[in-house]
Amino acid sequence: MTEPLLRVSNLEKKFPIQRGMFKRTVGQIHAVDGISFEIAAGETLGLVGESGCGKSTTARLILRLLDPTSGEIFFDGKEIHAMTRDEIRAVRKDMQIVFQDPYASLNPRMTVRQIVAEPLIVHGMAKDDSDPRVDEMIELCGLSREFGNRYPHEFSGGQRQRVGIARALVTRPKLVVLDEPVSALDVSVQARFLELLQELQNKLKFACLFISHDLAVVDILSHRIAVMQDGRLVEVGPRDQIL
């Protein structure tokens, strides 16, 4: 049996409730409560649930933007929370995230070309934003390469989210986490953006954790769906069966 690209086992995250002048801990919030799932290479798992159920916390735990209270996360056969800072830095080029707000997640002082080139530079894959992979990815995400010299405020919400996708994909990651990527977009723009994601996944063959509260959106992209409620997974299965 083929090893999954991502395997999450009994993942748990508790946040302390603190009160008073001395920040005394009086309780805990179970943001993620013992969840387990897998994602195969090239597969899209849709993670759905109401606001506050722990979806985004799960995404940040997988990417080690947060440390879990307990549980294991194996990416490409390696337990990421046992890695040193240098080891996780090397792995990060293979796992990227696209955030919900396309404006807040882009540096307003950087041009589009600088934004897209930044992951390549950080991971030592390019010296500057003149690398040809930058313009190639900008065009692949449906923007003209002439847009590379513009700043985020000069674009619409849909165009800014395309820049976010280009930045995430420029290192050719194996896993992309999409955290409510269309919730801030107009309905008319959402359809075109979802079509772009399908085309990019078919071309680049990356696996995807697609987080949303909208079942209609998840239905378009997902192979399997996991339903989350109050920090727990209550259903996991093939898309048609769950819907």
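Throughout what follows, the structure given in this document is the object of discussion. Remember, predicted model here, so these are calculated numbers, not experimental data.

### Describing the packing of aromatic side chains
Part 1 of the reasoning: Taken as a whole and assessed by the stated rule, the structure comprises 1 aromatic pair.
Part 2 of the reasoning: Ring centres of phenylalanine 147 and phenylalanine 155 lie 5.5 Å apart, and the angle between their planes is 65°; on these two criteria the pair is classed as edge-to-face.
Part 3 of the reasoning: Between lysine 13 and the ring centre of phenylalanine 15, over which it is positioned, the NZ or CZ distance is 5.2 Å.

### Overview of the environment of alanine 216
Part 1 of the reasoning: Mapping alanine 216 onto the fold places it in helix H7 (residues 215–221).
Part 2 of the reasoning: We classify alanine 216 as exposed; its relative accessible area is 53%.
Part 3 of the reasoning: For the pair alanine 216 and aspartate 86, spaced 130 residues apart in sequence, the C-alpha to C-alpha distance is 40 Å.

### Regarding the sheet that holds strand S1 (residues 6–19)
Part 1 of the reasoning: Strand order in the open sheet made by the 4 strands is S2-S1-S4-S5, with antiparallel pairing throughout. Strands at the two margins of the open sheet, each flanked by one partner only, are strand S2 (24–39) and strand S5 (78–79).
Part 2 of the reasoning: Sheet topology note: the S1/S2 ladder contains 12 bridges and is antiparallel. Residue arginine 19 lies in a different strand from S2, and its bridge partner there is arginine 24.
Part 3 of the reasoning: Packing of helix H1 (residues 55–62) onto the sheet brings it into contact with S1, S2 and strand S4 (70–75), and relative to S2 it is tilted by some 75°.

### Quick look at the nonpolar core
Part 1 of the reasoning: Counting residues in each nonpolar core, the largest one holds 43 residues, and the members touching the most others are Val116, Ile165, Leu169, Leu178, Leu197 and Phe210.
Part 2 of the reasoning: Listing elements by their share of this core, those giving two or more residues are helix H3 (112–122), helix H4 (132–140), helix H5 (157–169), strand S7 (175–179), helix H6 (187–204), strand S8 (207–212), H7 and strand S9 (224–229).
Part 3 of the reasoning: The element that contributes the greatest number of residues to this core is H6, accounting for 7 residues.
Part 4 of the reasoning: Dropping the residues within four chain positions of it, leucine 197 is found in contact with Ile165, Leu178, Phe206, Phe210 and Leu221.
Part 5 of the reasoning: Among the nonpolar cores identified, the runner-up in size contains 30 residues, and Ile35, Ile62, Leu63 and Ile211 belong to it.

### A word on H5
Part 1 of the reasoning: Compared with the 18 Å implied by 1.5 Å per residue over 13 residues, the 19 Å span of H5 between its first and last C-alpha is a close match.
Part 2 of the reasoning: Where burial is concerned, most of H5 is hidden: 11 out of the 13 residues are buried.
Part 3 of the reasoning: Every buried residue belonging to H5 is among Gly158, Arg160, Gln161, Arg162, Val163, Gly164, Ile165, Ala166, Arg167, Ala168 and Leu169, and all of these are buried.

### Structural notes on the packing of H5 against H6
Part 1 of the reasoning: Put simply, H5 and H6 touch, their axes get as near as 11 Å, and they point 15° apart. As summarised for this structure, H5 and H6 are arranged roughly parallel, according to the angle between their axes. Remark: the crossing between H5 and H6 carries right-handed chirality. Contact residues: Gly158, Gln161, Arg162, Ile165 and Leu169 in H5; Val189, Arg192, Phe193, Leu196, Leu197, Leu200 and Leu204 in H6.
Part 2 of the reasoning: Taken together, the residues that form the contact of H5 with H6 break down as 8 nonpolar, 2 polar and 2 charged.

Scoring rules and cut-offs
- Residues numbered from 1 in each chain as written.
- Predicted model: local features only at pLDDT ≥ 70, side-chain atom pairs only at ≥ 80, totals over all residues.
- Heavy atoms only, no water.
- Phe/Tyr/Trp six-rings, centres within 6.5 Å; stacked < 30°, edge-to-face > 60°.
- Lys NZ or Arg CZ within 6 Å of the ring centre and 35° of its normal.
- Helix = DSSP H or I, 4+ residues; strand = E, 2+ residues; numbered from the N terminus.
- Buried < 20%, exposed > 50% of the residue type's maximum accessible area, 1.4 Å probe, protein only.
- Pairing = 2+ DSSP bridges.
- Contact = heavy atoms within 4.5 Å.
- Axes fitted to C-alpha atoms, helices over the stretch in contact; angles between N-to-C directions.
- Core = buried A, V, L, I, M, F, W, Y, C linked by side-chain atoms within 4.5 Å.
- Expected span 1.5 Å × (residues − 1).
- Parallel < 35°, antiparallel > 145°, perpendicular 65-115°, else oblique.
- Left-handed = near helix turned anticlockwise from the far one by under 90°.
- Nonpolar A, V, L, I, M, F, W, Y, C, P; charged D, E, K, R; others polar.

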